[in-house]
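# Remarks on the overall topology
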Amino acid sequence: MLVLGGRSEIGLQVALRLAPGRAVVLAARRCEDLDCETAALTAAGATAVYPVEFDADDTSSHAALLGKIAADYGPIGVAVLAFGVLGEQDRAEADPAHALAVVHTDYTAQISVLTVLANEMRARGSGHLVVFSSVAGIRVRRANYVYGSAKAGLDGFASGLADALHGSGVHLLLARPGFVVGRMTEGMSPAPFSSTPDQVAAAVVTALGRRSARVWIPGILRPVFFGMRLLPQAVWRRLPR
C-alpha cells in the first residue's frame, strides 16, 4: 500500500484500517519525521512501514520515484492520493502565483501521479486507486473558487480515468467528502454535514471493499448537492463557504 501524503490525517486513517498484513509506504516531504505514523501503522499490524521522500509539486520526479517504490518494495496494490492544500482564497485572488500553486498541487500534481500509477497498474492488470475530490468541486462557490476549481478539474479527470480503466482490472475510487474537521481546516467554523478524518477513512475503506466507483461523505451530501445544482446563480453566489 502506498500513501502519497504520508502525514495526511485521512490518508493515515485509511492506512491504519488496511495495514494488517500489508507493507505500507508513506511518501511525504521530510519523511524522516514520520516516526509517529510509522509506529501507529506497525501497531495496527503492518508487516513493514517504509518512509519515502516525496515532493508532490516536483512532477518531473514522479515517474522515477514511483518506479523505484515498486522496484524496492513490490507492486503497488493500493495507492491513496492524500496530499493537497487548501490555500488562502483572499491571497489567491490578489496573488496569481499563490492561485497557481494551489491548482498545481491539487490538480496538476495529482494528474501526474495518477497517470503514472494507472499505466503501471493497467500493465499489471490489478490495483486500486483512491482519489480525493471534494463537494467543493461539484459546484464551485465564490468563497473558495480557487480550491474548488482545482477539485472540479480533478473530479472530472478521475471520472474519465475510471472509465478508461474499466475492464483493465484496475479500480479507481473517487471520494467526495464535505467539510472535514482536521488540521487543514483548523480555525474554520465547520460547515453543515461535516465529518472527521476517521469517518472519511471508514467510508473510503467500505467503498473500496465494495469496489464502488464513488463515495460521498457523508452520504446525505449526494442529494443535497443534487438540489444545490438547481439553485439560481444569484442565490448561489451569496452562499457562505
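Residues numbered from 1 in each chain as written. Predicted model: local features only at pLDDT ≥ 70, side-chain atom pairs only at ≥ 80, totals over all residues. Heavy atoms only, no water.

We apply this condition: UniProt positions are given in the numbering used here, feature names are shortened, and annotations may be inferred rather than shown by experiment.
Going by the annotation in an unreviewed UniProt entry, the name recorded for the chain is Short-chain dehydrogenase, with Nocardia jinanensis given as the source organism. In its Sequence similarities (unreviewed entry) section, UniProt records this for the chain: "Belongs to the short-chain dehydrogenases/reductases (SDR) family."

## Thoughts on the packing of helix α1 (residues 9-18) against helix α7 (residues 197-210)
What counts, and what does not: Axis angles are defined between N-to-C directions and span 0 to 180 degrees, where every axis is a line fitted to C-alpha atoms and, for a helix, only to the segment in contact. Counting from the N terminus, the helices are the DSSP runs of H or I reaching at least four residues and the strands are the DSSP runs of E reaching at least two. For classification purposes, an angle smaller than 35 degrees is called roughly parallel, one larger than 145 roughly antiparallel, one from 65 to 115 roughly perpendicular, and anything else oblique. Helix crossings fall into two classes, left-handed where the near helix is turned counterclockwise from the far one by less than a right angle and right-handed where it is turned clockwise. In this analysis, two residues are considered to be in contact whenever any of their non-hydrogen atoms come within 4.5 Å of each other.
The geometry of α1 relative to α7 is characterised by a closest axis approach of 8 Å and an angle of 50° between their N-to-C directions. On the basis of the axis angle, α1 is oblique to α7. Relative to α7, α1 is oriented so that their crossing is right-handed. Two secondary-structure elements touch here, α1 through Glu9, Ile10, Gln13, Val14, Arg17 and Leu18 and α7 through Pro197, Asp198, Val200, Ala201, Ala202, Val204, Val205 and Leu208.

## Re the layout of surface pockets
Quick note on the threshold: In this analysis, the protein atoms alone were mapped onto a 1 Å grid. Cavities are point sets where a 1.4 Å probe fits without being able to get out; pockets are open sets with protein on both sides within 12 Å along at least five of seven lines; lining residues have an atom within 4 Å of a point. Grid points are joined across faces, edges and corners, and a volume is the space filled by probe spheres set on the points.
The space that makes up the second largest pocket amounts to roughly 170 Å³. Among the secondary structure elements, those contributing two or more residues to the lining of the second largest pocket are α6 (145-164) and β6 (170-177). Take the lining of the second largest pocket: its biggest share by element is three residues, from β6.

## What about the side chain of Asp106?
Going by this rule: Categorising residues by exposure relies on relative accessible area from a 1.4 Å probe, with only protein chains included: less than 20% of the type maximum marks a residue as buried, more than 50% marks it as exposed, and the intermediate range marks it as partly exposed. None of His or the chain ends enter the tally, which takes Lys and Arg as positive and Asp and Glu as negative. Salt bridges are defined as contacts in which a side-chain nitrogen from Lys or Arg sits within 4 Å of a carboxyl oxygen from Asp or Glu. Throughout this description, a polar contact denotes any pair of N or O atoms lying within 3.5 Å of each other; where both atoms belong to protein, one of them has to be capable of donating a hydrogen while the other can accept it, and for residues adjacent in sequence the pair is counted only when both atoms sit in side chains.
Considering the arrangement of structural elements, one finds Asp106 in helix α5 (residues 96-124). Here Asp106 is buried and forms no salt bridge, its nearest opposite-charge partner Lys151 lying at an N-O distance of 5.3 Å. Among the polar contacts listed, one links the side chain of Asp106 to the backbone nitrogen of Val85, at a separation of 2.8 Å.

## Concerning unusual backbone geometry
Ile217 connects to Pro218 through a cis peptide bond whose omega is -5°. Summarising the element assignment, Pro218 is placed in the loop between β7 (214-217) and α8 (221-228). Even without being a glycine, Arg211 presents a positive backbone phi close to 55°. Overall, the relative accessible area of 46% leaves Arg211 in the partly exposed class.

## Focus: the pattern of salt bridges
Inspection of every chain in the model, using the stated rule, returns eight salt bridges. Linking Asp198 and Arg17 is a salt bridge whose minimum nitrogen-to-oxygen distance equals 2.6 Å. Highlighted residues: Asp198 in helix α7 and Arg17 in helix α1, separated in sequence by 181 residues. Relative accessible area serves as the criterion here: at 37%, Asp198 is assigned to the partly exposed category. Look at Arg17 and you get partly exposed, because its relative accessible area is 30%. Taking the shortest distance from any N to any O, the salt bridge between Glu120 and Arg124 comes out at 2.8 Å. With Glu120 and Arg124 both in helix α5 and four residues apart, this pair spans about one turn of that helix. Judged by its relative accessible area of 29%, Arg124 is partly exposed.

## A few points about the nonpolar core
The nonpolar side chains of a soluble globular protein tend to be buried, and buried together. We count it as follows: We define a nonpolar core as any set of buried Ala, Val, Leu, Ile, Met, Phe, Trp, Tyr and Cys residues linked to one another through side-chain atoms lying within 4.5 Å.
Counting residues in hydrophobic clusters, the biggest one holds 32 residues, and the most contacted among them are Met1, Val14, Leu41, Val80, Phe132 and Val204. Breaking this core down by element, the ones donating at least two residues are α1, β2 (23-28), β4 (78-81), β5 (127-132), β6, α7 and β7. With six residues, α7 is the single largest residue contributor to this core. Setting aside residues up to four positions removed in sequence, Phe132 forms contacts with Ile10, Val80, Leu81, Ala82, Lys151, Leu154, Ala175, Val200 and Val204. Ranked by size, the runner-up nonpolar core spans 29 residues in total, among them Phe54, Ile69, Leu114 and Leu161.

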